[in-house]
Amino acid sequence: MARINYWNPEDEKFWKTEGKKHANRNLWISVPSLMLAFIVWQIWSVVAIRLNDIGFAFTDEQLFTLAAVPGLVGATLRFVYTFAVGSIGGKNWTVISTGVLAIPAIGIGFAVQNPDTPFSIMLLLAALCGLGGGNFSSSSANISFFFPKKEKGTALGINGGLGNMGVSVVQFVTPLIVTTGAFAFAGKGQVLANGQQIWIQNAAFIWVIPIVFMTLLAYFKMDNVPGAKQSVADQFVIVKRKHTWIMTVLYIATFGSFIGYSAAFPLLLKSQFPEHISLAFLGALVAAAARPVGGWMADKFGGARVTAYVFIIMTIGAFGVIYFLNLNQFAGFLATFLVLFLAAGIGSGSTFQMIPTIFIPKEAAPVIGFSAAFAAYGSFLIPKLFGWSVETSGSYVTAFYFFIGFYVISFALNYFYYQRKTTAVKEMVKQAG
């Protein structure tokens, strides 16, 4: 493929005649690559709940830890991945970051077949799944370079939303794929207490071929954007910007909630309503599908306005979950939790749209990755907070009061810095730090 030598998406003529087709090609390769990254990152959210059923003897705390550790590692790696695009190029990094996903996928496939596999090995494999968590920062930073400012919200929403769909895909596909021997790539099945046979290794092995395919597709069909490369030192200037930290808080409240609830929801369902565990995928599906809508709404109505409504709805949703948890009423619990997921998904898109309106393009890309890195800690902290809440109070309710407090703080920050007309216009025009 011919190398792109010039890139200026803000040039209307260039965008229509040349830029748009290249941007869309890179976007639609980025989407499935990112989806696979989320699948690998969140695979433990569904594998962990089956381990004791096939002969392992882990405690509830250990199972929550296995579901949470990929979030901790993935969030930390996002800081590295954020600056990788500017350092070595978006295409180059996509090839590397997608290819390494095969390592944990293969490792898990073998480890889960032996109930004597020590917890330390499982913990290591859970940590390696964090490699998938890093990809979001680099993928988003890369795609932000390709599109003009007026279309960044929609493009980032599509990339992030459909990529995030990997969480729902793994939670939906895994219960189905482990029940058939047709995809048993290696090893024997495991027998459950009721006599049913499953192949838990399929949950990991099924993704190896798609990972290899997307790695090759990225290598041959993606592009490095000319002029996008920056040294880490040049990119690191964003930590001095006030708005970097404010937007990070807002993105933690939205995407951090989405990914944290997604990691914890299957275990939460199994604990409170085990007969409905098959619906665990719904939350992530709703949130991921809502993210592109959030980006589009932000492009149309303004990111700060959409984000304000998001925090109001998330607060109401959290109170609703508390109410129905106390009643032990499943329908209400599911409905209000899905409201939480829906609002978190929309907010993930709207907050990302705000960043390119506040920062110049070369700063917007690393800010997107930087804020996403902090937000990803939600996939570690929320499951751990749920575990702490149950251990100290015997209920998940306490954790939700912490979430509500954070949403109120985030609403206030968004209003003060971005929603007030006198503040928003001045601050965004100044590109203030």
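Refer to the structure presented above.
Please read all numbers here as calculations on a predicted model, not as lab measurements.

Engineer: How should the overall build of the protein chain be read in this particular structure?
Structural biologist: In terms of helices and strands, the protein chain carries 19 helices and two strands. Overall, the protein chain is about 65 × 50 × 35 Å in size when its C-alpha atoms are taken along their principal axes. Burial status across the protein chain gives 57% buried among its 433 residues. Across the protein chain, the fraction of contacts at a sequence separation of at least 24, relative to all contacts at a separation of at least 6, is 81%.

Engineer: Just checking my understanding: could you explain the side chain of Gln 353 for this structure?
Structural biologist: Looking at the secondary structure, you find Gln 353 in helix H15 (residues 330-358). Polar contacts involving the side chain of Gln 353 include one to the side chain of Asp 299, which spans 3.4 Å.

Engineer: Quick question: what am I supposed to make of helix H4 (residues 90-99) here?
Structural biologist: Of all 10 residues that make up H4, seven are buried, and the element is covered over most of its length. Those residues of H4 that sit buried are Gly 90, Lys 91, Trp 93, Thr 94, Val 95, Ser 97 and Thr 98. Packing partners of the buried residues in H4 comprise helix H1 (12-41), helix H3 (60-88), helix H5 (102-111), helix H7 (130-146) and helix H10 (208-221).

Engineer: Explanation requested: the packing of aromatic side chains in the structure shown.
Structural biologist: Geometry of an aromatic ring pair is reported as the spacing of the ring centres plus the angle between the planes. One pass over the full model with this rule turns up 46 aromatic pairs. Between Trp 245 and Phe 370, the ring centres sit 5.2 Å apart and the planes meet at 90°, which makes this aromatic pair edge-to-face. With Trp 245 in helix H12 (residues 242-272) and Phe 370 in helix H16 (residues 361-375), this pair connects stretches of sequence that are 125 residues apart. Its relative accessible area of 39% is what places Trp 245 among the partly exposed residues. For Phe 370, a relative accessible area of 5% gives the class buried. With a centroid separation of 5.8 Å and 80° between ring planes, the pair formed by Phe 386 and Phe 403 is classed as edge-to-face. You can see Phe 386 sitting in helix H17 (residues 378-393) and its partner Phe 403 sitting in helix H18 (residues 397-419), a full 17 residues away along the chain. By relative accessible area, which is 1% here, Phe 386 ends up buried.

Engineer: For this particular structure, what's the right way to read the environment of Ala 48?
Structural biologist: Within the element layout of this structure, Ala 48 appears in helix H2 (residues 44-51). A sequence separation of 18 residues divides Ala 48 from Leu 66, and the C-alpha atoms of the two residues are 6.7 Å apart.

Engineer: It is not clear to me how the packing of H12 against H17 should be interpreted in this structure. Could you clarify?
Structural biologist: When two helices pack together, their arrangement is given by the angle between the helix axes and the distance between those axes. Between H12 and H17, the least distance of the axes is 7 Å, while the angle of their chain directions is 45°. As judged from the angle between their axes, H12 and H17 are oblique. By crossing handedness, the relation of H12 to H17 is classed as right-handed. Mapping the contact onto sequence places Gly 256, Ser 257, Ile 259, Gly 260, Tyr 261, Ala 263, Ala 264 and Leu 268 in H12 and Gly 378, Ser 379, Ile 382, Pro 383 and Phe 386 in H17. Across the contact of H12 with H17, the residue classes break down as eight nonpolar, five polar and no charged.

Engineer: Would you mind showing me how to read the environment of Ile 238 here?
Structural biologist: Positionally, Ile 238 belongs in the loop between helix H11 (232-235) and H12. Apart from the residues lying within four places of it in its own chain, the contact partners of Ile 238 are Thr 244, Glu 363, Pro 366, Val 367 and Phe 370.

Engineer: Explain helix H8 (residues 149-177) here, please?
Structural biologist: An α-helix turns once per 3.6 residues; consequently, residues spaced three or four apart project the same way. Along its 29 residues, H8 runs 41 Å from first to last C-alpha, staying within 8% of the 42 Å computed at 1.5 Å per residue. At Ser 168, H8 shows its largest kink, close to 30°.

Engineer: Whenever I open this one, a nonpolar patch on the surface confuses me. Can you help?
Structural biologist: On the surface, Tyr 309, Ile 312, Ile 313, Ile 316 and Val 339 cluster together into a nonpolar patch covering about 460 Å² of accessible area. When residues of the nonpolar patch are assigned to their parent elements, the largest contribution, four residues, is made by helix H14 (residues 303-327). Position of Ile 312 relative to the elements: it lies in helix H14. For Ile 312, a relative accessible area of 37% puts it in the partly exposed group.

Engineer: When you look at the pattern of salt bridges in this model, what are you seeing that I'm missing?
Structural biologist: As a working rule, side chains carrying opposite charge can pair if their charged atoms are close by. Within this structure, the stated rule accounts for six salt bridges. The residue Lys 16 makes a salt bridge to Glu 12 at a minimum N-O spacing of 3.8 Å. Here Lys 16 pairs with Glu 12, and both are found in helix H1, just four residues apart, close to one helical turn. Classification of Glu 12 as partly exposed rests on a relative accessible area of 37%. Put simply, Asp 53 and Arg 50 hold a salt bridge, and the shortest N to O gap is 3.5 Å. Residue class for Asp 53 comes out partly exposed when judged on its relative accessible area of 35%. Shared partners join several salt bridges into a network, and the residues in it are Glu 12, Lys 16 and Lys 150.

About the criteria used
Residue positions are given per chain, counting from 1 as you read along its sequence in written order. The predicted nature of this model means local features are confined to residues of pLDDT at least 70 and side-chain atom pairs, given and counted, to a pLDDT of 80 or more, with totals for whole chains, interfaces and linings taken over all residues. Side-chain calculation: all heavy atoms of the structure are included, whereas hydrogens and water are not. Numbered from the N terminus, helices here are DSSP runs of H or I no shorter than four residues, and strands are runs of E no shorter than two. Burial here depends on accessible area, computed with a 1.4 Å probe over protein chains only, as a share of the maximum for the residue type. Under 20% is buried, over 50% is exposed, and the range in between is partly exposed. The contact definition used throughout considers only heavy atoms, calling two residues in contact when any of these lie within 4.5 Å. Any N or O atom pair separated by 3.5 Å or less is treated as a polar contact, with the protein-specific requirement of one donor-capable and one acceptor-capable atom, and with residues adjacent in sequence counted only for side-chain atom pairs. Between the rings of Phe, Tyr and Trp (Trp by its six-membered ring), a pair exists once the centres lie within 6.5 Å; its type follows the angle of the planes, with under 30 degrees stacked, over 60 edge-to-face, and the other angles tilted. Each axis is a line fitted through C-alpha atoms, and for a helix only the stretch in contact is used; angles between axes span 0 to 180 degrees, taken between their N-to-C directions. Roughly parallel covers angles under 35 degrees, roughly antiparallel covers those over 145, roughly perpendicular covers 65 to 115, and oblique covers all other angles. Crossing chirality is assigned from the near helix's rotation relative to the far helix, an anticlockwise turn below a right angle marking it left-handed and a clockwise turn marking it right-handed. Nonpolar residues are Ala, Val, Leu, Ile, Met, Phe, Trp, Tyr, Cys and Pro. Charged residues are Asp, Glu, Lys and Arg, and all others, Gly as well, are polar. Under the convention used throughout, the expected extent of a helix is 1.5 Å for every residue step, that is, one less than its residue count. Two axes define the bend at a residue: one fitted to the seven residues ending there, one fitted to the seven starting there, and the bend is the angle between them. Exposure above 30% relative accessible area and no salt bridge define the residues that can form patches, which grow by joining like charges within 9 Å and nonpolar side chains of Val, Leu, Ile, Met, Phe, Trp and Tyr within 5 Å. All accessible areas in this document rest on Shrake-Rupley with a 1.4 Å probe, and a residue is counted as covered only by the protein chains that are shown. The salt bridge criterion pairs a side-chain nitrogen of Lys or Arg with a carboxyl oxygen of Asp or Glu, the two atoms within 4 Å.

Purely geometric stuff here, so don't read any function into it on its own.
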